[in-house]
Amino acid sequence: MKMKRKKLASLVLTAMISSAVLSACGSNNTNNASHNANNGAPTTEAAATASPDTKEPVELRIINWRVEDKEFFDQFNVKFEQENPNIKVRYDATPTQSYQQLKNSRIAANEVDIVAGDYKTMNSADQRELWMDLSGQSFLDNFKQDALQNLTYDSKQYGLPWNKVSLVAYYNKQIFSDLGLQEPKTWTEFTALLEKIKTAGIDPILVGGKDGWPMQQIVHTLEPSVVRGANSDFYGKDNSNVMALTSKFTDSEWLEVFTKFQTLSTYFQKNSLGLAYGQAPGLFAQGKAAMTIDGTFSLTQINDAKPNFEVGTFIVPATDDEAKNKIGYAKIGGAWFISNKSPNKEAALKYLEAFSQKDNYQLYIDTVNQFPVMDGITMKDPLAEQINDQLSAKDAVDQFTNIQNSGSTYSLDLLNKVSTGDMSPEEAAKQWQKDYEDSKANWK
Amino acid sequence: MKLTAKLPFTLVHVILILFSLCMLLPILMILNIALKTNTEFLNSPMSIASSLHFDNFAEAWEQGDMITNFKNSLIYTACSTILTCLIAAMAAYPISRKHIRGTGALLGLIGITLFLPDGIVPLLFFMKYTALLNTYSGYILLSSGINMALMVFILVGFVKNIPADLDEAASIDGCGYFRYILTIILPLLKPAITTVAMLKIINVWNDFINPYLYLTDKEKRPLTSGLYLFVGEFSTDWTVLAAGIVIVVTPLLLVYLFLQKYIISGVSSGALKG
Amino acid sequence: MVKTYRSWAPWMAILPALILFFIFKIYPALGTLFFSMTDFNGNIDHFKWVGLKNYKNALTINFDDLMNAIKVSFTFAFFTTVIQNIVGVALAVLVNLKIRGKNVYRSILFMPNVLGVVIIGLVWTLIFDPYSGPMNQILSLFGTSSSMLGDSKLALPIVIFVQVWTSVGYAMILYLAGLQGISQDIYEAGSVDGAVGWKSFRYLTLPLLQPIIGINILLSIIGSLRVFDLIMILTNGGPDEATMTLGMFVFKTIFDSSGTQGYASALGIIHFLVIAVVVVIVQTYMRRREEKLS
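Bear in mind the structure is a predicted one, so any value in this text is a computation, not a measurement.

Right, let's get into the overall build of chain C. Check the secondary structure of chain C and you find twelve helices and zero strands. Shown N-terminal to C-terminal, the secondary structure of chain C runs as helices and strands in the order α-α-α-α-α-α-α-α-α-α-α-α. Considering chain C as a whole, with its 294 residues, one finds that 61% of them fall into the buried category. Put simply, of all contacts in chain C between residues at least 6 apart along the chain, 67% involve residues at least 24 apart.

Structural data, given as structure tokens:
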């Protein structure tokens, strides 16, 4: 009996060891492969090898969290496969909640070639190491310089931008004209307008607060004009001022943001913290509130819910100072990254190149209704075109959390507590500064 | 039973009906929503659907690639259920009869695995370097293995109920060990195996995270994953989402209705003795 | 029993199960243990051994968050377990009566167990939706309203309710089996001594159900301490971390750009240890109780 047990133990052990050895061998292989890919195809040349000289079948593995963009990728991937018969696209999209898990595991197992990400995907040295440097690829020339700049670090281009997103107030023109209201130009006008709507018994602002980040969007709407309008170098390069504690979140600028957020929160619909974000655009389109402050990415959802009134938009005036209000918020909605260890870099570059072609990119913009980051692209939707004009009148700055430190994304709880009145703006600012300083060990 | 004999039966019925409604209404509500147009839903979410509107089902079916997913779900569920039942029953017999040493330790280990942490990255490596990643057989093995311990645990309890006299009768017969398990024990375990099978069916059919991690190919995904994809895509269109839910739930509910007699008697008698 | 089988035969019989068990359960857990002592962050070529640093960080920098998560987990597990078992026993007694349609009741009450977490989560999100959900329409009849899952005081009770809704049928079935295992003679003997109605339940049924109660409580505790997917869909841990259970906390760490995957693994191991401690305590307590009774 005893011998049998030993035998079994050794059997299991062998199985486990062999799998470990196999995995080690495997990773060596892929390393070699990636080295070869690195050495064999210097990045500048890779673009030139667009003509299909290798007919070896390639499976191109792409992951994305934009499940909403299914329609575009269904078409585009088929088209891409037809043009590149040796490449089979394995495109995968999961909802945001589980995307991080998917991304981490696929990268770790080197089971992915192209990864959808954003600035967070390249916010630390060990993360940047994962991505191929796209500098010098000819297809980059199609994109606007400032959009590319957002995905550059130490003059290496890590990501290929998809689009630009911003935040606007969508409003119900019917309700506005019934109450004799005009688009506000200043913060004072804006709050007066909110008060009027509220007195008329209509919910002024609809917010899907349950998911948290829609609350953050309100802060992102206010922050650029208030903070960077007052002091354009508030954060300093790579957040240096904030890290050196010469700029604090308890400074008057940020206190103003929190105070104004509190003011706005009194105009949210009742129980706004319980409404799932996904329902907000549809309910707004059904005329349940006068406005909703939301991303430009929700335009499609609002249109799809077929509002029976005309929708207008304006960018929330966060201060009374025209010059400050000129500073607006815009960020890259997402970007492609190519895995540095990918054995299929050539095919991956081809995919990005195809994505960057004007006609494909135009189709992308038309289908997903997002704002283009390429010159000479038009938007079909008149409302989108209008927002685009409004945005281009602004000096766009990126989300202040762009340079990530733990703690620089203030805790959502603070916002919730401010909106329910459980915390004053001063307390929230103090708490945030404290949380930020406490996390110093994690600063990168 | 004496103890509640005095409780008026009407009261018992009222209580049970209330609880049953609590269980049923949410599902009926989803069905109701699935039959509405989006506008109707947004304006009067809870009213009874004014007319039967099947477009949502068509849209959900089409958008969710439900035909491929449906086929995959059937394959995964059927194969891993059969595999699990067979392997678990084989293992349950010697453990229950203490034919090997250290059954106590083994059962303890099994108990611990009820709450062991998952390790996605290590498992992914294993799947990758054994070429099991993104294959039907790999996923079937994974979903059989992932709670094999629990299934063995349940069956061990059942085997204890089978009198050991039978074993002796069989040994006189000179019946081979495996043949004995397969021909004598397995048939006797039928109710128990139905239970384990149902638990496994529920388990595999409803899994939505593992398919994403271990099946990189969209064409190999099961139904619930298709539905999960929907959650993002149609987060603003609850009517289509509700239709998707109905499509995913219906087959499972049918199987349940068909097997419920066994499950309810089985779940109980098995888990107890374990 | 006369040994007529070869001594390797039993081992061969459990071998397939054992192999699957080691590959898909033990090995990944050991892998997590390994990564928990590294600064692994997705880049498999570049990670190094950091010893217990991740654990130290969890117990220092994130101490408050960790304690909050443990507190929420325990609250969640305590109420889920208590309510589920009380209601479970009660329902089991009722459907064990000789009443019409008892099988229909049993089937319906067990039904939520058939539904997947995604579906349960979505259904209840919709029901508790403050704008169009039926719950607030009922509340509005009483002239009040609430943001439900968005309310930091209500969110946890609602999540507990949904968890109980999901699993009370399972508890009921287990208790039902226990009840059916109790011989009628005991009650008849008891009734002679005046043990009828509540008394017979208290002094005959409950003590006899003791082992099943033990199993049920253990299963409820493990199940509720592990849960994260239901919470992920219902509240994603919010609002104000009111529903941030330990499982959810571990899952969320993967998102936080500051924590590495090594750190998340360490939290996973801590999660495991917390459950293990609770299980050991509960089991020791119950074994003592059983010994006392017998």
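More follows now that the structure is in view.
Our focus in this paragraph is the overall build of chain B. When you go through chain B residue by residue, the secondary structure sums to 14 helices and zero strands. Helices (α) and strands (β) of chain B occur, in sequence order from the N terminus, as α-α-α-α-α-α-α-α-α-α-α-α-α-α. Counting all 274 residues of chain B, 60% fall into the buried class. Taking contacts inside chain B between residues at least 6 apart in sequence as the whole, the part at least 24 apart equals 72%. Looking at chain B as shown, the accessible area adds up to about 10600 Å², and 70% of this sits on carbon and sulfur atoms.

Looking now at the packing of aromatic side chains. A full pass over the atoms with the stated rule returns 59 aromatic pairs over all chains. Ring geometry for tryptophan 131 of chain A against phenylalanine 337 of chain A: centres 5.3 Å apart, planes inclined by 45 degrees, an arrangement best described as tilted. Linking tryptophan 131 of chain A in the loop between α5 (125-128) and α6 (145-149) with phenylalanine 337 of chain A in strand β14 (residues 335-338), this pair joins segments that are 206 residues apart in sequence. In this structure, tryptophan 131 of chain A and phenylalanine 337 of chain A share a single accessibility class: buried. The lysine or arginine in question, arginine 128 of chain A, covers the ring of tyrosine 153 of chain A, its NZ or CZ lying 3.6 Å from the ring centre. The ring of tyrosine 203 of chain C is capped by arginine 202 of chain C, whose NZ or CZ atom sits 5.1 Å from the centre of that ring.

What follows covers helix α8 (residues 148-161) of chain B. Residue and element names in this part refer to chain B. Between its first and last C-alpha atoms α8 spans 21 Å; for 14 residues at 1.5 Å apiece the expected length is 20 Å, and the two agree. In terms of burial, α8 is largely enclosed, as ten of its 14 residues are buried. Those residues of α8 not exposed but buried are Met148, Ala149, Met151, Val152, Ile154, Leu155, Val156, Gly157, Phe158 and Val159.

Before going further, it helps to spend a moment on the pattern of salt bridges. Enumeration according to the criterion identifies 15 salt bridges over all chains in this entry. Across the pair glutamate 59 of chain A and arginine 90 of chain A runs a salt bridge, and its minimum N-O distance is 2.2 Å. Taken as a pair, glutamate 59 of chain A in strand β1 (residues 58-64) and arginine 90 of chain A in strand β2 (residues 87-93) lie far apart in primary sequence, 31 residues in all. Take arginine 90 of chain A: its relative accessible area is 9%, and that puts it in the buried class. Between aspartate 69 of chain A and arginine 66 of chain A there is a salt bridge, with its nearest N and O atoms 3.0 Å apart. Assigned by exposure class, aspartate 69 of chain A and arginine 66 of chain A land together as buried. One network of salt bridges, with partners in common, ties together Arg61, Glu111 and Asp113 of chain A together with Lys128 of chain B.

So, on to the sheet that holds strand β3 (residues 114-117) of chain A. Residue and element names in this part refer to chain A. The strand order across the open sheet formed by five strands is β2-β1-β3-β14-β6, and the pairing between neighbours is mixed. At either margin of the open sheet sits one strand with a lone partner, and together these are β2 and β6 (160-161). As paired elements, β1 and β2 share seven bridges and run parallel to each other. Note that in β2 the partner of arginine 61 across the bridge is arginine 90. Strands β1, β2 and β14 of the sheet are contacted by helix α3 (residues 70-83), whose axis makes an angle of about 165 degrees with β2. Helix α15 (residues 345-356) rests against β1, β2, β3, β6 and β14 of the sheet, and its axis sits at about 160 degrees to β14.

All names here are of chain A. Strand order in this open sheet of four strands is β9-β10-β8-β11, and the pairing throughout is mixed. Every other strand in the sheet has two partners, leaving β9 (205-206) and β11 (311-314) as the edge strands with one partner each. Alignment of β9 against strand β10 (residues 291-295), held across two bridges, turns out to be parallel. Residue leucine 206 lies in a different strand from β10, and its bridge partner there is threonine 292.

A separate point is the interface of chain C and chain A. Between chain C and chain A, the contact holds 39 residues from the first and 42 residues from the second. Taking both sides of the interface into account, the surface hidden between chain C and chain A amounts to around 3700 Å²; carbon and sulfur atoms contribute 56%. One can count zero salt bridges joining chain C with chain A. Applying the counting criterion to the chain C and chain A interface returns three residue pairs in polar contact (both at pLDDT 80 or more). At the level of elements, α1 (8-35) and α10 (229-234) of chain C are the ones that each hand at least two residues to the side of chain C that touches chain A.

This paragraph deals with unusual backbone geometry. All names here are of chain A. Positioned with a positive phi, serine 155 is a non-glycine residue whose angle comes to about 55 degrees. Structurally, the position occupied by serine 155 is in the loop between β4 (152-153) and β5 (156-157). With a relative accessible area of 66%, serine 155 lands in the exposed category.

Right, let's get into the UniProt feature "transmembrane region" (unreviewed entry) in chain C. Within the UniProt annotation, "transmembrane region" (unreviewed entry) is assigned to residues 12-35, 72-95, 107-127, 154-177, 208-228 and 263-286 of chain C. Taken end to end, residues 72-95 of chain C comprises 100% helix and 0% strand; its first and last C-alpha atoms sit 33 Å apart.

This paragraph deals with the UniProt feature "transmembrane region" (unreviewed entry) in chain B. Residue and element names in this part refer to chain B. Per the UniProt record, "transmembrane region" (unreviewed entry) is annotated on residues 12-35, 74-93, 105-127, 139-159, 180-202 and 238-259. End-to-end, the C-alpha atoms of residues 12-35 are 34 Å apart, and along that stretch the chain is 96% helix and 0% strand. Secondary structure across residues 238-259 divides into 100% helix and 0% strand, with the first and last C-alpha atoms of the span separated by 31 Å.

Conventions we followed
- Residues numbered from 1 in each chain as written.
- Chains lettered and ligands numbered in written order.
- Predicted model: local features only at pLDDT ≥ 70, side-chain atom pairs only at ≥ 80, totals over all residues.
- Heavy atoms only, no water.
- Helix = DSSP H or I, 4+ residues; strand = E, 2+ residues; numbered from the N terminus.
- Buried < 20%, exposed > 50% of the residue type's maximum accessible area, 1.4 Å probe, protein only.
- Contact = heavy atoms within 4.5 Å.
- Areas by Shrake-Rupley, 256 points an atom, 1.4 Å probe, with all protein chains shown as cover.
- Phe/Tyr/Trp six-rings, centres within 6.5 Å; stacked < 30°, edge-to-face > 60°.
- Lys NZ or Arg CZ within 6 Å of the ring centre and 35° of its normal.
- Expected span 1.5 Å × (residues − 1).
- Salt bridge = Lys/Arg side-chain N within 4 Å of Asp/Glu carboxyl O.
- Pairing = 2+ DSSP bridges.
- Axes fitted to C-alpha atoms, helices over the stretch in contact; angles between N-to-C directions.
- Buried area = accessible area lost by both parts, 1.4 Å probe.
- Polar contact = N/O pair within 3.5 Å; in protein donor to acceptor, adjacent residues only side chain to side chain.
- UniProt positions renumbered as here; feature names shortened; annotations may be inferred.

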